[in-house]
Amino acid sequence: MGGWSDGVWTWGDFGVSEVFLSNPVIAEELCTLRSRLEDFRGWNFEKDIVLWTGNSKNSFSVASCYSFYDSIRYPFGPSNIHEGAFGLLWKLEVPFKIKVFGWRLFLNRLPTKDLLEIRGMHFSHENLLCTFCGNCMESRNHLFFSCGVVKKIWGVIASWVGKGESVSEECLSNFMDWHLFFSVNMVKDRKLGIIWLATSWAIWLDRNGVCFRNESWNVNDIVWNIKLLAWRWTFCGNITRSNFSFYEFCKDPLFFLSSLRPVYNGYLEPERTLKALRRQQCAAHPVENPTIANLEKFDYPEIPE
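Bear in mind the structure is a predicted one, so any value in this text is a computation, not a measurement. (Residues numbered from 1 in each chain as written. Predicted model: local features only at pLDDT ≥ 70, side-chain atom pairs only at ≥ 80, totals over all residues. Heavy atoms only, no water.)

One way to put it is that helix H9 (residues 148–161) packs onto helix H12 (residues 219–233) with a least axis distance of 10 Å and a crossing angle of 45°. Relative to H12, H9 is oriented oblique. Regarding H9 and H12, the two cross each other, and that crossing is right-handed. Seen from H9, the contacting residues are Val149, Lys152, Ile153, Val156, Ile157 and Trp160; seen from H12, they are Val219, Ile222, Val223, Ile226 and Lys227. (Axes fitted to C-alpha atoms, helices over the stretch in contact; angles between N-to-C directions. Helix = DSSP H or I, 4+ residues; strand = E, 2+ residues; numbered from the N terminus. Parallel < 35°, antiparallel > 145°, perpendicular 65-115°, else oblique. Left-handed = near helix turned anticlockwise from the far one by under 90°. Contact = heavy atoms within 4.5 Å.)

With that settled, the discussion passes to the packing of aromatic side chains. Scanning all chains against the criterion turns up 28 aromatic pairs. Each ring, one from Phe144 and one from Phe145, has its centre 6.3 Å from the other, and the planes form 45°; the classification is tilted. Grouping residues by exposure puts Phe144 and Phe145 together as buried. The cationic tip of Lys163 hangs over the ring face of Trp178; the distance from NZ or CZ to the ring centre is 4.9 Å. Taking the ring centre of Trp224 as reference, the NZ or CZ of Lys227 above it sits at 4.2 Å. (Phe/Tyr/Trp six-rings, centres within 6.5 Å; stacked < 30°, edge-to-face > 60°. Buried < 20%, exposed > 50% of the residue type's maximum accessible area, 1.4 Å probe, protein only. Lys NZ or Arg CZ within 6 Å of the ring centre and 35° of its normal.)

Okay, the pattern of salt bridges next. Summed over all chains, the structure comprises 7 salt bridges. Glu93 is the partner of Lys188 in a salt bridge, and the nearest nitrogen-oxygen pair spans 2.9 Å. Placement of Lys188 in the loop between helix H10 (171–184) and helix H11 (194–213) and of Glu93 in the loop between helix H4 (84–91) and helix H5 (96–106) is noted, with a sequence separation of 95 residues between them. When its relative accessible area of 15% is taken as the criterion, Glu93 is described as buried. For the salt bridge of Lys163 with Asp177, the shortest nitrogen-to-oxygen distance reads 3.1 Å. With Lys163 in the loop between H9 and H10 and Asp177 in helix H10, the pair connects residues that are 14 residues apart, well separated along the chain. Using a relative accessible area of 9% as the deciding quantity, one classes Lys163 as buried. Each of Glu93, Lys188 and Lys191 takes part in one network of salt bridges that share partners. (Salt bridge = Lys/Arg side-chain N within 4 Å of Asp/Glu carboxyl O.)

Turning to the packing of H9 against H11, a few remarks are in order. Closest axis-to-axis distance for the H9/H11 pair is 11 Å, and the angle between their directions is 150°. Classified by the angle between their axes, H9 and H11 sit roughly antiparallel to one another. Note that H9 runs across H11; the crossing there is right-handed. Across from Val150, Ile153, Trp154, Ile157, Trp160 and Val161 in H9, the residues of H11 making contact are Ile195, Trp196, Thr199, Ser200 and Ile203. Here the residues of the contact of H9 with H11 sort into 9 nonpolar, 2 polar and no charged. (Nonpolar A, V, L, I, M, F, W, Y, C, P; charged D, E, K, R; others polar.)

See the structure below:
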């Protein structure tokens with residue numbers, strides 16, 4: 001290609017062998033290239049280095065490489081109007097494994113029976129059917145949204161929080177529908193999706209219990225498990241621990257979720273403490289205040305089949 005000789009850069013044959021130089025066309029192109037480069041003499045005061053131009057520091061990182069790829073890639077298929085659901089999911093204050101579960105649910109990557117069949121795990125026709133209704137092949141949308149039993153569970157939870165029943169049987173649009181409902185009702189931003197996730201997680205847990213441990217199930221137990229999960233997850237993150245009991249949460253979940261406030265440097269947000277909110281909304285939302293002892297004696301009502 002070329003090299004340094006007595007401090008002067010001299011162009012060579014550019015790695016072209018004599019066999020190719022015997023071709024007059026190649027020889028002419030080589031001369032043209034040499035004439036264009038003859039004014040360039042190189043730099044002899046420092047060595048050549050490799051620079052990464054993907055960020056301002058000129059140093060390679062996985063994040064900058066991903067950003068570069070994301071800026072030039074072409075999306076596969078039409079854009080998804082619910083793509084923002086992924087960002088909302090990762091911001092929720094719930095256990096990390098629940099976020100991963102929700103992420104896999106959004107992407108349809110949970111090991112449902114239809115996907116296992118596609119991946120080469122063959123089942124009998126009976127084992128491919130939905131665990132709860134036994135009428136259709138188990139898929140993500142059927143198991144979590146369109147199954148008759150699951151629709152009843154969603155209906156009970158919707159009635160519990162005062163929401164109209166969701167009509168969408170597609171995962172992302174269903175999530176965004178619930179997210180919008182809680183947002184309108186002034187629920188804390190990072191708690192907007194916990195009841196939706198609690199419902200989906202409880203359905204998945206009971207499905208696995210039936211499939212792998214031959215456990216029994218009923219709608220009433222699943223609903224109370226959803227309420228307990230949602231109650232526990234309200235205390236994830238940097239929020240005030242309210243004086244509400246589980247019984248009060250079950251009586252008025254929207255009021256409870258809208259009353260949670262973050263803590264700043266160890267202090268509650270000024271003028272927005274839980275007690276102040278309760279005084280302001282007590283007239284509109286009368287809530288009983290049983291003690292823990294009374295809670296243990298409370299006879300939870302059965303949900304009609």
